[in-house]
Amino acid sequence: MFFVDTLESEGLGNRSHLAGGPGAAVVVDPPRDIDRVIAAAAGRGVRIAFVAETHVHNDYVSGGLELARVTGARYLVPAGAHVSFARTPVADGDTVVVDEGLVLRAIATPGHTPHHTSYVLEEDGRGVAVFTGGSLLIGTTGRPDLVEPRLTERLARAQHASAHRLADELDDEVPVLPTHGFGSFCSSAQAEGDATTIGRERKTNDALTLDVDTFVARTLADLDDVPAYYAHMGPVNAAGPAPVDLTPPRRADAGEIASRLAAGEWVVDLRSRTAFAEGHVAGSFNFEGGGRLATHLAWLIPWGKPVTLLAGTPEQVADAQRELVRVGIDRPAAAATGDPAAWVREGERLASFPRARFADLADARGRGDDVVVLDVRRDSERAEGFVDGSVHIPLHELHGRVGEVPDGTVWVHCAGGMRAAIAASLLDAAGRDVVAVDDGFAAATEAGLTPTRPDGAA
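Below, the structure is looked at part by part. Just so you know, these numbers come straight off a predicted model, no measurement behind them. Numbering of residues starts from 1 in every chain and runs along the sequence as written. Where local features are concerned, this predicted model is filtered to residues with pLDDT of at least 70; where side-chain atom pairs are given and counted, the filter is 80 or more; whole-chain, interface and lining totals use all residues. Each side-chain value is derived from all of the structure's non-hydrogen atoms; neither hydrogens nor water enter the calculation.

1. Quick word on the overall build of the protein
Counting from the N terminus, the helices are the DSSP runs of H or I reaching at least four residues and the strands are the DSSP runs of E reaching at least two. The number of helices and strands found in the protein is 16 helices and 20 strands. For the radius of gyration, the atoms used are the C-alpha atoms, and the globule rule reads 2.2 Å times the number of residues raised to 0.38. Relative to the compact-globule value of 23 Å for 458 residues, the protein shows a C-alpha radius of gyration of 24 Å, a close match. Referenced to the eigenvectors of the C-alpha coordinate spread, the extents of the protein come out at roughly 70 × 55 × 35 Å. Counting only residues that meet the buried cut, the protein has 55% of its 458 residues in that class. In this description, accessible areas are obtained by the Shrake-Rupley approach with a 1.4 Å probe, and a residue is regarded as covered only by the protein chains that are shown. A total of about 18,200 Å² of accessible surface is found on the protein, and carbon and sulfur atoms cover 50% of it. Residue burial is assigned from relative accessible area. The probe radius is 1.4 Å, only protein chains are included, and a residue is buried under 20% of its type maximum, exposed over 50%, and partly exposed in between.

Next up, the structure:
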């Protein structure tokens, strides 16, 4: 009997898979913090015999090279991928025996990247699972625009063909186990559900229900922003990532925190947005540890900028370290935990700013207050409707465009509150008077702010 275990990397919206038989297993698209994978294999009592990459990843740093080195596994990488390390190149149709009666077969599925490869797990010659990486996802496909703009349309057409090849070669009941689609920006759209099969995708996936021209047009029209740090992930993975170091960072006192801020480094407060608003080190930025820390911080921070972490507990720092190494932010410069009052020097006070709801914003407008409404959602979100008179600067652009925000008290909002809190901390650090709107965007209508679509319709 075979098994498949799925390891979630929720902050990045990705999954890795451990699959095998009674004695040996393969790991597909492993995360960089490989201790989780090793523990999962140990729990199953199996040896990791193979590590397989579906492609050179653009959205996270792979743990594949290090996992193969530590376990002695053969490292399977698509033959068309240009990498700088020793590996076992895999071409279309290649097979490896994972365990007795259990074979892994490679299927070339270009589209997300030119060299993308899916893997079918076959038990006694029958397909029992397919690991589709960034090819066929749940209700969608991997985006085709991350490699080279000139290749985007060609790769979108290849993505359509690859989806059809998978559907043609595999039975309806075969589970589809992708890497992307659960919040990752490598996906063309959010996954529709948590699990799927070839049969379900055959009925519901645009790549399998639309003709190629319609699919390509729709795919290209729906592409969203690309996180800035993606530009660094592919080269890191192609060169061969270094082993990670998750030991605790050196402890920073108030003086060091102040000096790092003065040097222009980033001091990141991982506490909740509520706690941050009530009291924080002036100049620090708030990225909640429980939110999509890795995606948002890596997207905004100048690449290579030193980071000092502040948190309530050492465990929060440790969790953040694990998240950040997955996107190449390897070692915090320092960290501090405990009471925020200890993070400022004697005689200095913590900074703060108010939080509010959309109803409070409506009241402020009604009083005639000098209000600037700043919408930090992405373009695709704003296209669905926005507050009349609001200024729009997507969060990932705000750090470089703070000077464009009009004078006045800035009421900043997003779709739910987390990104607004990040934006409020950026503005607060820049010396602006700010109010963080911690509310769902639907409440704007209820508050009488009459969000409108760009065409002017209510």
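2. Here we look at the sheet that holds strand E13 (residues 285-286)
Pairing within the open sheet is parallel, and its four strands lie in the order E13-E12-E14-E15. Looking at the sheet topology across the chains shown, the edges are occupied by E13 and strand E15 (334-337). Pairing analysis gives two bridges linking strand E12 (residues 266-269) to E13, with the strands arranged parallel. Its bridge partner being in E13, Val268 is matched across the sheet by Phe285. Following DSSP output, two strands are said to pair if at least two bridges run between them.

3. Focus on the sheet that holds strand E19 (residues 409-413)
The sheet built from five strands is open, its strands ordered E16-E20-E19-E17-E18 with parallel pairing. In the strand order of this sheet, the two ends are held by strand E16 (355-356) and strand E18 (391-392), each with one partner. Pairing between E19 and strand E20 (residues 434-437): three bridges, direction parallel. From the neighbouring strand, Val412 faces E20, where its bridge partner is Ala436. Along the sheet, helix H15 (residues 418-429) contacts strand E17 (371-375), E19 and E20; its crossing angle with E19, the most-contacted strand, is approximately 155°. Pairs of residues are marked as contacts when any of their non-hydrogen atoms sit within 4.5 Å. Axis lines are fitted through C-alpha atoms, for helices just across the contact stretch, and the angle between N-to-C directions can take any value from 0 to 180 degrees.

4. Looking at the layout of surface pockets
Only protein atoms enter the 1 Å grid, on which a cavity is a set of points fitting a 1.4 Å probe that cannot get out and a pocket is an open set with protein on both sides within 12 Å along at least 5 of 7 lines, lining residues being those with an atom within 4 Å of a point. Grid points are joined across faces, edges and corners, and a volume is the space filled by probe spheres set on the points. Taken as a whole, the largest pocket spans an internal volume of roughly 450 Å³. Looking at the lining of the largest pocket, the element that brings in the most residues is helix H6 (residues 212-221), giving three residues. In this count, Pro and Cys sit with the nonpolar residues alongside Ala, Val, Leu, Ile, Met, Phe, Trp and Tyr, while Asp, Glu, Lys and Arg are called charged and the others, Gly among them, polar. Looking at the lining of the largest pocket residue by residue, the classes come out as four nonpolar, 12 polar and eight charged.

5. So, the nonpolar core
Among the nonpolar cores identified, the biggest contains 52 residues, and Phe287, Leu297, Leu309, Leu374, Leu398, Val412 and Leu427 are the most heavily contacted of them. In this structure Leu309 touches Val268, Leu270, Val317, Ala320, Leu324, Pro332, Ala334, Ala335 and Ala336, once residues within four positions along its chain are discounted. By nonpolar core is meant a set of buried Ala, Val, Leu, Ile, Met, Phe, Trp, Tyr and Cys residues that side-chain atoms within 4.5 Å join together.

6. Describing the side chain of Arg432
Along the chain, Arg432 falls in the loop between H15 and E20. One buried charged side chain, Arg432, makes no salt bridge at all; its nearest oppositely charged neighbour is Asp407, positioned 4.7 Å away. Not counting the four nearest positions on each side in its chain, Arg432 is found in contact with Val402, Val405, Pro406, Asp407, Gly408, Val410 and Leu427. Only four residue types enter the charge count, namely Lys and Arg as positive and Asp and Glu as negative; His and the chain termini do not. Between Lys or Arg on one side and Asp or Glu on the other, a salt bridge is scored when a side-chain nitrogen of the former is within 4 Å of a carboxyl oxygen of the latter.

7. Quick look at helix H12 (residues 358-367)
Among the residues making up H12, those that are buried are Phe358, Leu361, Ala362 and Ala364. An end-on view of H12 places all buried positions within 160° of arc, on one side of the element. Exposed and facing more than 90 degrees away from the buried side of H12 are Gly366 and Arg367. Buried residues along H12 sit against E17, E19, E20 and helix H16 (442-446). Positive phi appears at Gly368, one or two residues downstream of H12, with a value of about 85°. Comment: arc refers to directions from the helix axis out to C-beta atoms.

8. Quick word on the packing of helix H3 (residues 152-169) against H6
In the contact formed by H3 and H6, the axes pass within 9 Å of each other and the chain directions differ by 125°. Relative to H6, the element H3 lies oblique. Once H3 is placed against H6, the crossing between them reads as right-handed. Contacts from Thr152, Glu153, Ala156, Arg157, Gln159 and His160 in H3 reach Val212, Asp213, Phe215, Val216 and Leu220 in H6. In this scheme, roughly parallel covers angles under 35 degrees and roughly antiparallel covers those over 145, while 65 to 115 is roughly perpendicular and the rest are oblique. By the definition used in this description, the sense in which the near helix is turned from the far one sets the handedness, with an anticlockwise turn below a right angle giving left-handed and a clockwise turn giving right-handed.

9. A look at empty space enclosed by the protein
Taken as a whole, this structure holds three cavities of 30 Å³ or more when the rule is applied. Reported here for the largest cavity is a volume of approximately 80 Å³. In terms of lining residues, the largest cavity is bounded by Glu53, His55, Val56, His57, Ser62, Leu65, Tyr75, Val77, Val83, Phe85, Asn237 and Pro241. Of the residues belonging to the lining of the largest cavity, the class tally is seven nonpolar, four polar and one charged. Empty space within the second largest cavity amounts to approximately 60 Å³.

10. Regarding unusual backbone geometry
A positive phi angle, close to 55°, is found at Asp29, a residue other than glycine. Relative to the helices and strands, Asp29 is located in the loop between strand E3 (24-28) and helix H1 (35-44). Residue Asp124 is not a glycine yet carries a positive backbone phi of 50°. In this structure, Asp124 sits in the loop between strand E9 (117-123) and strand E10 (126-133).

11. What about the packing of aromatic side chains?
The aromatic pairing rule takes the rings of Phe, Tyr and Trp, using the six-membered ring of Trp, and pairs them if the centres are within 6.5 Å, calling planes under 30 degrees apart stacked, those over 60 edge-to-face and the rest tilted. Under the defined criterion, the tally for this structure stands at seven aromatic pairs. Judged by centre distance (5.7 Å) and plane angle (20°), the rings of Tyr75 and Phe85 are stacked. Of this pair, Tyr75 sits in strand E5 (residues 74-78) while Phe85 sits in the loop between E5 and strand E6 (88-90), placing them 10 residues apart in sequence. Residue Tyr75 shares its accessibility class with Phe85, and that shared class is buried. Ring centres of Trp266 and Phe285 lie 4.7 Å apart, and the angle between their planes is 75°; on these two criteria the pair is classed as edge-to-face. Here the residue Trp266 occupies a position in strand E12, and Phe285 occupies one in strand E13, the gap between them amounting to 19 residues. Given the relative accessible area of 8%, Phe285 is considered buried. Here the aromatic residues Trp266, Phe285 and Phe287 are joined through ring pairs into a cluster of three or more. It is Arg15 that lies over the ring of Phe182; its NZ or CZ is 3.8 Å from the centre. For a ring to carry a charge above it, either NZ of a lysine or CZ of an arginine must fall within 6 Å of the ring centroid while also lying within 35 degrees of the normal to the ring plane. The residue whose ring lies beneath Arg377 is Phe441, and the NZ or CZ to ring-centre distance is 4.1 Å.

This is a description of form; function is not addressed.
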